[in-house]
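Understanding the architecture of this molecule
Now for the letters of each chain:
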Amino acid sequence: MDEAILDLLKILKAEALALEPSEKEREEARTKVVAYTERFLNQIDELKAYQTTDYKSKGLLEHPISNTPAPIESLLSLLENFVDTPGINSASGGHLGYIPGGGLYYSALGDYLAAVFNRYAGVNFSAPGAVQMEKVVLQWMASLIDFPSSFGGNLTSGTSIASLIAFVTAREAKSLTSKDYHRSVVYLSDLAHHSQEKALKIAGLGDAVKRHIPIDDHFRMIPEALEDAVKKDLEVGLKPWLVVATIGTTDTGSIDPLEELAAISAQYDLWYHVDAAYGGFFILTETGRNLMKGIEKADSVVLDPHKGLSVPFGLGAVLVRDQAEMVRAHQFEANYMQDAKVVADVSPAEVSPELSKHFRALRLWLPLMVHGVEPFRQNLEEKLLLAQYFQAKIKSIPHFEVGPDPDLSITIFRYVPDAGDANEFNQRLVKAIHEDGRVFLSSTVLDGKFTLRMAIVSFRTHLETIDLALEVIQQCVQKLLSEERLIENE
Ligand SMILES: *Cc1c(COP(=O)(O)O)cnc(C)c1O
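Below you will find a few notes about this structure. Given the structure is predicted, the values throughout are model-derived calculations rather than measurements. (Residues numbered from 1 in each chain as written. Predicted model: local features only at pLDDT ≥ 70, side-chain atom pairs only at ≥ 80, totals over all residues. Heavy atoms only, no water.)

**Section: the packing of helix α4 (residues 105–117) against helix α14 (residues 362–371)**
Each packed pair of helices is defined by two parameters, the angle between the axes and the distance between the axes. Put simply, the rule is: The convention used is that axes are lines fitted to C-alpha atoms, helices contributing only their stretch in contact, and that angles between N-to-C directions extend from 0 to 180 degrees. The secondary structure listing takes helices from DSSP runs of H or I that are at least 4 residues long and strands from runs of E that are at least 2 residues long, numbered from the N terminus. Throughout, the term roughly parallel applies to angles under 35 degrees, roughly antiparallel to angles over 145, roughly perpendicular to angles from 65 to 115, and oblique to all others. In this scheme, a crossing is called left-handed if the near helix is turned counterclockwise away from the far one by less than a right angle; it is called right-handed if the turn is clockwise. Note on contacts: a residue pair qualifies if any of its non-hydrogen atoms lie within 4.5 Å across the two residues. Only Asp, Glu, Lys and Arg are considered charged, only Ala, Val, Leu, Ile, Met, Phe, Trp, Tyr, Cys and Pro nonpolar, and every remaining residue, Gly among them, polar.
Running from amino to carboxyl end, α4 crosses α14 at an angle of 130°, the nearest separation of the two axes being 7 Å. One way to sum up the angle between α4 and α14 is to call them oblique. As for how α4 packs across α14, the hand of that crossing is right-handed. Taking contact as the criterion, the partners of Y106, S107, L109, G110, D111, L113 and A114 in α4 are, on α14, L362, R363, L366, P367, V370 and H371. Taken together, the residues that form the contact of α4 with α14 break down as eight nonpolar, three polar and two charged.

Shown next, in the form of structure tokens:
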């Protein structure tokens, strides 16, 4: 061996060792990181739920990646200034917009453990324990929705990818080929989440016919309208293929009539998909369980632990009634994977588009095992009750118009001023609430009406948070009204 090469290898090793901090360096860095997170968690109740962004600074863009090592404390201050302060504080209980989650501490510890041990969670042969843990949490979810033991599942980054897996499975299960795509029909309500059509498009089914089935005054899909549409499509030679029902629409939290839709799907041999991203885990509660009768008849169900179970963002799940269908749609073989084939069990990589994958199960398994299921159930019961509390309170304030009683924990409301355009007023109202920042709310448009939403999901949201939200909303209305009076008097 050439001496020069051996010398060079010594030098390179010495340099590369910078990537392995010593025990003392690890302790120093860890202490600083933990101190930073502790400071955040100890003041979480006082922090704003929304911080408007200061676009005068270019933020992190002024600190490009370079060859100069930086001390961890300076990087933590970059995080604090430019990442952990601006925008929505998703960890805050005051986050009541879109669909919040919160972010459980034991999930953070689970991610830490997963990253240190770095088990390769995509393949059974490589990490049998990690794969088994994924199975354990999926089995728990399958038992919640009364799925048969033939079920298959996968932990994904969220419902968007979970739905992609479901639709690719449905496509193969119903033997659609590209020649069928343009005459295959998908049925969904206007309130179906946009991720569903996006997943269809990514699955190659962008040309499929989409039928938007009308909803009733509780924002639930009308089963008779679905059946009519299917019959008409059959008459004209189209191929009815997929029904997408929603448990907890994003706009209003409404739940589609699952039993009726299941019966129609069965009668016409349609794949029955249920998007339970936000609402699914409310099945832990008694109210939810009653409202979700029929979910067990689905062919595929998608759920987001990063919503109803308050796991930090990046965890969704897909469950398919028959695992064999998932495998048929996703399984591949390769010569360089031959050693991994010794295990007969299905690996996550065989039922999803991913090969290498983050060990996601741990961020859910750890909190479920540490706390037990009961606090999760109580937390969701509390969210349902808080939604009713808010609905009753806001309804009693003059000028506020509310939607129907909430199915789950989202309520909708708007302020109707004596004079002027209500849409424009509510648009300004949501902006004023954002500028205030003590709580964060988001809005939608229903039937042409600009409407505010109150989405109560986070485990950090309690009665005090809702009272604060009521105070903020009323103060913002008063501020807008007094501004209008000033303008009138000018
Ligand atoms: C959040 C949500 C989605 C999208 O899920 P991601 O996890 O953000 O990909 C889909 N459907 C519904 C009803 C949702 O609430």
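Once the structure has been displayed, the description carries forward.
**Side note on the site of the ligand**
Condition: Note on definitions. A residue lies near a molecule or strand when any single heavy atom of the residue is within 4 Å of it. N or O atoms within 3.5 Å of each other form a polar contact, as long as, within protein, one can give a hydrogen and the other can take it, and as long as residues adjacent in sequence are counted only when both atoms are side-chain atoms. Accessible surface is estimated by sampling points in the Shrake-Rupley manner with a 1.4 Å probe; for residues, cover comes only from the protein chains shown.
Neighbouring the ligand are 14 residues, the closest being T159, S160, D275, D304 and K307. Contact distances for the ligand include 2.6 Å between an oxygen atom and a side-chain N or O atom of S160. A distance of 2.9 Å separates an oxygen atom of the ligand from a polar atom in the side chain of K307. Here the ligand has 380 Å² of accessible area as a free molecule, and 86% of this is covered by the chains. Of all the elements in the fold, those that place two or more residues in the shell around the ligand are α6 (159–173) and α12 (305–308).

**Section: empty space enclosed by the protein**
We apply this condition: The method works on a 1 Å grid over the protein atoms by themselves. A cavity is a set of points holding a 1.4 Å probe that cannot get out, a pocket is an open set with protein on both sides within 12 Å along at least five of seven lines, and residues with an atom within 4 Å of a point line them. Grid points are joined across faces, edges and corners, and a volume is the space filled by probe spheres set on the points.
All chains considered together, the criterion is met by two cavities of 30 Å³ or more. The volume enclosed by the largest cavity comes to roughly 80 Å³. Forming the boundary of the largest cavity are 13 residues, of which F219, T252, P404, D405 and P406 lie nearest the centre. For the lining of the largest cavity, a count of residues per class yields five nonpolar, five polar and three charged. What the second largest cavity holds in volume is close to 50 Å³. Its residues assigned to classes, the lining of the second largest cavity shows three nonpolar, five polar and two charged.

**Some points on the layout of surface pockets**
Computed from the structure, the largest pocket encloses a volume of approximately 1,000 Å³. For the largest pocket, the lining is made up of 33 residues, of which T37, F40, L41, Y105 and A108 are closest to its centre. In terms of residues, the lining of the largest pocket owes the most to one element, helix α2 (residues 23–42), which gives nine residues. When grouped by side-chain class, the residues that make up the lining of the largest pocket number 21 nonpolar, eight polar and four charged. In this structure, the second largest pocket encloses a volume near 440 Å³. Lining the second largest pocket are 20 residues, with F332, M337, A349, E350 and L355 positioned closest to its centre.

**Let's talk about the pairing of strand β9 (residues 316–320)**
Defined as follows: The classification of residues rests on relative accessible area computed with a 1.4 Å probe and restricted to protein chains. Under 20% of the type maximum is buried, over 50% is exposed, and intermediate values are partly exposed. Here, any two strands with at least 2 DSSP bridges between them count as paired.
The buried fraction of β9 is high, at five of five residues. Burial along β9 is two-sided: the face carrying G316, V318 and V320 and the face carrying A317 and L319 are both buried. Pairing between strand β3 (residues 152–156) and β9: five bridges, direction antiparallel. If you follow G153 over to β9, its bridge partner there is L319.

**Some points on the pairing of strand β13 (residues 449–455)**
Most of β13 is tucked away, with six of its seven residues classed as buried. Bridge analysis of strand β11 (residues 410–415) against β13 gives four bridges, and the strand direction is antiparallel. Bridge pairing in β13 links F413 to L452. Strand direction decides the pairing type here: strand β12 (residues 442–446) and β13, joined by five bridges, are antiparallel. The partner of S442 across the bridge, within β13, is R453.

**Digging into the sheet that holds β11**
If you walk across this open sheet you meet the four strands as β10-β11-β13-β12, and the pairing is antiparallel. Sheet topology places β10 (400–402) and β12 at the edges, where each strand pairs with a single neighbour. On average, each strand axis in the sheet is tilted by 40° relative to the strand beside it, whichever way the strands run. Across the sheet, helix α17 (residues 463–489) is in contact with β10, β11 and β13; its angle to β11 comes to roughly 20°.

**Points about the pattern of salt bridges**
As a reminder, the rule being used: Salt bridge, as applied in this entry: a Lys or Arg side-chain nitrogen positioned within 4 Å of an Asp or Glu carboxyl oxygen.
The final tally for this structure, using the stated rule, is 25 salt bridges. One salt bridge in this structure joins D269 and K174, with 2.9 Å as the shortest N-O distance. Pair noted here: D269 is in the loop between α10 (258–267) and β7 (271–276) and K174 is in the loop between α6 and α7 (178–181), with a separation of 95 residues, a long-range link. For D269, a relative accessible area of 53% puts it in the exposed group. Residue class for K174 comes out partly exposed when judged on its relative accessible area of 24%. Overlapping salt bridges, with partners in common, bring together E401, R414 and K449 in one network.

**Some details on the sheet that holds strand β5 (residues 209–213)**
Within a sheet, adjacent strands bond to each other through the backbone by hydrogen bonds, running parallel or antiparallel. Pairing is mixed across the open sheet formed by seven strands, whose spatial order is β3-β9-β8-β7-β6-β4-β5. Sheet topology places β3 and β5 at the edges, where each strand pairs with a single neighbour. On average, each strand axis in the sheet is inclined to that of its neighbour by 20°, with strand direction left out of account. With respect to the sheet, helix α13 (residues 323–330) is in contact with β3 and β9, its orientation differing from that of β3 by roughly 60°.

**A look at the packing of aromatic side chains**
Stated precisely, the cut-off is as follows: Any Phe, Tyr or Trp ring, taking Trp's six-membered ring, that has another such ring centre within 6.5 Å forms a pair; planes under 30 degrees apart are called stacked, those over 60 apart edge-to-face, and the others tilted.
One pass over the structure, following the stated rule, counts nine aromatic pairs. Connected via pairs of aromatic rings, a cluster forms that spans F390, F400, F413, Y415 and F425.

**Observations regarding the environment of R30**
Among the secondary structure elements, R30 is positioned in helix α2. Along the sequence, R30 and T177 sit 147 residues apart, while their C-alpha atoms lie 53 Å from each other.

**So, a negative patch on the surface**
Rule in force here: The patch calculation keeps residues exceeding 30% relative accessible area without a salt bridge and links them within 9 Å when they carry like charges or within 5 Å when they are nonpolar (Val, Leu, Ile, Met, Phe, Trp, Tyr). We count Lys and Arg on the positive side and Asp and Glu on the negative side, and we leave His and both chain ends out. For this purpose, a charge sits on NZ of Lys, CZ of Arg, CG of Asp or CD of Glu.
Judged by side-chain charge, D45, E46, E464 and D467 come together as a negatively charged surface patch. In this structure, D467 sits in helix α17. Its relative accessible area of 32% is what places D467 among the partly exposed residues.

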